[in-house]
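Inside the fold
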Amino acid sequence: MAGAGISTSAGIPDFRSPGSGLYANLQKYNLPYPEAIFEIGFFKQNPEPFFALARELYPGQFKPTICHYFMRLMKEKGLLLRCYTQNIDTLERVAGLSSEDLVEAHGTFHTSHCIGTFCKAEYPLSWMKEKIFSDLIPKCDKCNSLVKPDIVFFGESLPSRFFSALKSDFKKVDLLIVMGTSLQVQPFASLVGKVPSKTPRLLINKEKTGEGDSFFGLLGLGGGMDFDSEKAYRDVAWLGNCDDGCLALADFLGWKAELEEMVKKEHAAIDAATQESSPKKTEENSSPKKKQDDKSAE
């Protein structure tokens, strides 16, 4: 189970960290309150703030972290049953996980759909990227309604795959690793309570989270983690930077050198691909129209 904390070392802010988190730095968008930028009702009335933010955080501008490649290494060793992620940055895919490996619980930028009642036309990542970086509000080519990336806004249902997959996955889990998440958003947070009662659970995070609440247990939302009570028997918290936690775990497993080599090789390949396309970007950026557009945007 992964949250925004596994992507912060890539340069993508998490949501709730005081001062540096996304919600603490949205003043320039003149929102009634920070969460409004991800509320479906607000988006339909005022989509500009979301798309302005999307330009800053758009997939393709960041490289996967050690955490992402640790999951890739688990996959290659036949140990990854599934990655349930709250993240919408697609870095799990960039690191080498497939659609089958993933449950993108809060959706993804990978595809987009028209929100028109009778249309629902689908658009690829490349189409959405072109619109966003042209400073255009994405409108459907067929019906002119708004087109929204397939990320789950407040007020929307989670993808059906989330509910169907968890029914079969969680009863099979023999180790649950939870990384970089505050475990404050339901129903994702409740997943920690879905594994068998003898399954060990490891939290890699800056602080302890997801700790037990008997009330949620009674609601069938899982009893939460228990690190410190006299009854604690299976939960372990490794506190610190998520990348450091994954390196420490890889070291225990004898995989550290392999993981570091994978990160080095994959990052070099991404850098090479970026450099290969940079002459074209330089040429585009030097055009009078582009300069004028940039000046207008400023």
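Under an unreviewed UniProt entry, the name given to the chain is NAD-dependent protein deacetylase, and the source organism is Eleutherodactylus coqui. Regarding the chain, the relevant UniProt record gives this comment under Sequence similarities (unreviewed entry): "Belongs to the sirtuin family. Class I subfamily." Under the UniProt heading Function (unreviewed entry), the note attached to the chain is "NAD-dependent protein deacetylase."

To continue, consider the sheet that holds strand E5 (residues 147-151). Spatially, the three strands line up as an open sheet ordered E4-E3-E5, and their pairing is antiparallel. Since the sheet does not close on itself, it has two edges, and those belong to strand E4 (122-124) and E5, each with one partner. When the angles between neighbouring strand axes are averaged without regard to direction, this sheet yields 40°. Where strand E3 (residues 107-114) and E4 come together, three bridges link them in antiparallel fashion. What sits directly across from Thr111, in E4, is Pro124. Along the sheet, helix H2 (residues 48-57) contacts E3 and E5; its crossing angle with E5, the most-contacted strand, is approximately 60°. The strands touched by helix H5 (residues 125-133) within the sheet are E3, E4 and E5, with E4 carrying the most contacts at an inclination of about 80°.

For the rest of this paragraph, the subject is the pairing of strand E7 (residues 201-205). Summarising burial for E7: five of the five residues are buried, a large majority. On E7, burial covers both faces: Arg201, Leu203 and Asn205 on one face and Leu202 and Ile204 on the other are all buried. Pairing geometry for strand E6 (residues 176-179) and E7, over four bridges, is parallel. Among the inter-strand pairings, Ile177 is bridged to a residue of E7, identified as Leu202.

Let us look at the UniProt feature "binding site: Zn(2+)" (unreviewed entry) in the chain. Sequence positions flagged by UniProt for "binding site: Zn(2+)" (unreviewed entry) are, in local numbering, Cys114, Cys119, Cys140 and Cys143. These residues run over 30 residues, yet every pair of their C-alpha atoms falls within 8.8 Å of each other. Assignment of secondary structure puts Cys140 in the loop between H5 and E5. Its relative accessible area of 4% is what places Cys140 among the buried residues. When near neighbours in sequence (up to four residues on either side) are disregarded, Cys140 contacts Cys114, Cys119, Ala121, Tyr123, Ser145 and Val147. With relative accessibility at 35%, the residue Cys143 sits in the partly exposed group. In this structure, Cys143 is in contact with Cys114 and Cys119, ignoring residues within four places of it in sequence.

This part covers the sheet that holds E6. Ordered by their spatial adjacency, three strands build an open sheet running E6-E7-E8, and the pairing between neighbours is parallel. A single partner strand is all that each edge strand has here, and the edge strands are E6 and strand E8 (235-239). Between one strand axis and the next, the sheet turns by 15° as a mean value, whatever way the strands run. Here five bridges tie E7 to E8, and the two strands are oriented parallel to one another. Across the sheet, the residue bridging to Leu202 is Val236, located in E8.

This part takes up unusual backbone geometry. Of note, the bond from Gln186 into Pro187 is cis; its omega dihedral lies within 30 degrees of zero at 5°. Here the phi dihedral of Lys120 falls at roughly 60°; this positive angle occurs in a residue that is not glycine. The residue Lys120 is located in the loop between E3 and E4 in this model. Note on Lys120: relative accessible area 47%, which makes it partly exposed. Of note, the phi angle at Asn144 is positive, near 70°, even though the residue is not glycine.

The rules behind the values
Residues numbered from 1 in each chain as written. Predicted model: local features only at pLDDT ≥ 70, side-chain atom pairs only at ≥ 80, totals over all residues. Heavy atoms only, no water. UniProt positions renumbered as here; feature names shortened; annotations may be inferred. Pairing = 2+ DSSP bridges. Helix = DSSP H or I, 4+ residues; strand = E, 2+ residues; numbered from the N terminus. Axes fitted to C-alpha atoms, helices over the stretch in contact; angles between N-to-C directions. Contact = heavy atoms within 4.5 Å. Buried < 20%, exposed > 50% of the residue type's maximum accessible area, 1.4 Å probe, protein only.

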